[in-house]
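Structural features, examined
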Amino acid sequence: MVRRNLRIAKYIFYRETLLEKRELLWTFLGSFCGIGLIGLMQNYVLASTDIVFLIGSFGASSVLIFGAIQSPLAQPRNLIGGHLISAVVGIGCSSLFGTFPMFAAPLAVAVSIMVMQISKTLHPPGGATALIAVIGSDQIKSLGWWYVLFPVMSGVIILLLAALLFNNLSKERRYPTSTRYTRVFNKRR
């Protein structure tokens, strides 16, 4: 009976969720500042325009790049490539099949996943970036191909810079975790 309850507890509180308070603090600060900076840019720098910089997929990216920094899906190549590829695919599907959103939406998500897999840039929030390009607000749709640069690329760069800063302030955290990237960051220390 005790052993069974321990197994159940492990499923509920698996190792990834058992973090130190300092880890939680860095996750909170990084995600708050990353999303906050994008929101500030939208509200104060671009208040007079209709450009929407804060899209839903950035929230999902924040979960990965601040909360699951060890994941291969959270690394910079995946963050940048996944979003940019998905934005291009989403706008392409919207341009070709925008009058049929019930076809364009699943096509955008499916093709973006396939291209991310082929290019080794799989980043789950990229699927949402492609979907937003097809079913997003009129403001998003009116951006056309600019959607790739504003809000996607600009937002991804802000999130990446915040992740590089906040995930490397603590001695226990290293981001990015790929050996190719960590050599560059370890030379600084």
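Residues numbered from 1 in each chain as written. Predicted model: local features only at pLDDT ≥ 70, side-chain atom pairs only at ≥ 80, totals over all residues. Heavy atoms only, no water.

1. Thoughts on the environment of Ile-132
- Its location among the elements puts Ile-132 in helix H6 (residues 125-135).
- In sequence terms Ile-132 and Ile-91 are 41 residues apart; their C-alpha atoms lie 9.2 Å from each other.
- Every residue in contact with Ile-132, bar those within four places of it in the chain, is listed here: Ile-55, Gly-56, Ser-57, Ile-140 and Tyr-147. (Helix = DSSP H or I, 4+ residues; strand = E, 2+ residues; numbered from the N terminus. Contact = heavy atoms within 4.5 Å.)

2. Observations regarding the packing of helix H5 (residues 101-119) against H6
- Running from N to C, H5 and H6 point in directions that differ by 150°, and their axes come no closer than 9 Å. By the angle between their directions, the pair H5 and H6 is classed as roughly antiparallel. The two elements H5 and H6 meet at a crossing, and its hand is right-handed. Residues Pro-101, Ala-104, Ala-105, Ala-108, Val-109, Ser-112 and Met-116 of H5 form the contact with H6, whose participating residues are Gly-126, Gly-127, Ala-130, Leu-131, Val-134 and Ile-135.
- Residue classes in the contact of H5 with H6 are distributed as 10 nonpolar, three polar and no charged. (Axes fitted to C-alpha atoms, helices over the stretch in contact; angles between N-to-C directions. Parallel < 35°, antiparallel > 145°, perpendicular 65-115°, else oblique. Left-handed = near helix turned anticlockwise from the far one by under 90°. Nonpolar A, V, L, I, M, F, W, Y, C, P; charged D, E, K, R; others polar.)

3. Concerning a nonpolar patch on the surface
- A contiguous nonpolar surface patch, about 560 Å² in accessible area, is contributed by Trp-146, Leu-149, Phe-150, Met-153, Ile-157 and Leu-161.
- With respect to the secondary-structure elements, Leu-149 resides in helix H8 (residues 146-166).
- Look at Leu-149 and you get partly exposed, because its relative accessible area is 33%. (Patch = residues over 30% accessible without salt bridge, like charges linked within 9 Å, V, L, I, M, F, W, Y side chains within 5 Å. Areas by Shrake-Rupley, 256 points an atom, 1.4 Å probe, with all protein chains shown as cover. Salt bridge = Lys/Arg side-chain N within 4 Å of Asp/Glu carboxyl O. Buried < 20%, exposed > 50% of the residue type's maximum accessible area, 1.4 Å probe, protein only.)

4. A few points about the nonpolar core
- The biggest cluster of nonpolar side chains holds 30 residues, and the ones touching the most others in it are Ile-55, Ile-65, Tyr-147 and Tyr-175.
- Only helix H2 (21-45), helix H3 (56-67), helix H4 (76-97), H6, helix H7 (138-143) and H8 provide two or more residues apiece to this core.
- With 10 residues, the top contributor of residues to this core is H8.
- The next biggest cluster of nonpolar side chains, apart from the first, holds nine residues, and it includes Ile-85, Cys-93, Ala-104 and Ala-130. (Core = buried A, V, L, I, M, F, W, Y, C linked by side-chain atoms within 4.5 Å.)

5. Re the side chain of Asn-78
- The topology assignment puts Asn-78 in helix H4.
- Note on Asn-78: relative accessible area 10%, which makes it buried.
- A polar side-chain atom of Asn-78 sits 2.8 Å from the main-chain carbonyl oxygen of Leu-122.
- When residues no more than four places from it in sequence are discounted, the contact partners of Asn-78 are Pro-72, Leu-73, His-83, Lys-120, Thr-121, Leu-122 and His-123. (Polar contact = N/O pair within 3.5 Å; in protein donor to acceptor, adjacent residues only side chain to side chain.)

6. Some remarks on the pattern of salt bridges
- Within this structure, the stated rule accounts for three salt bridges.
- A salt bridge links Arg-22 to Glu-20; its shortest N-O distance comes to 3.3 Å.
- The exposure class assigned to Arg-22 is partly exposed, which follows from its relative accessible area of 47%.
- Look at Glu-20 and you get partly exposed, because its relative accessible area is 46%.
- A salt bridge links Arg-22 to Glu-172, with the shortest nitrogen-to-oxygen separation between them at 3.6 Å. Taken together, the positions of Arg-22 in helix H2 and Glu-172 in the loop between H8 and helix H9 (179-188) put the pair 150 residues apart, joining distant regions of the chain.
- Here the residues in one salt-bridge network are Glu-20, Arg-22 and Glu-172, joined through shared partners.

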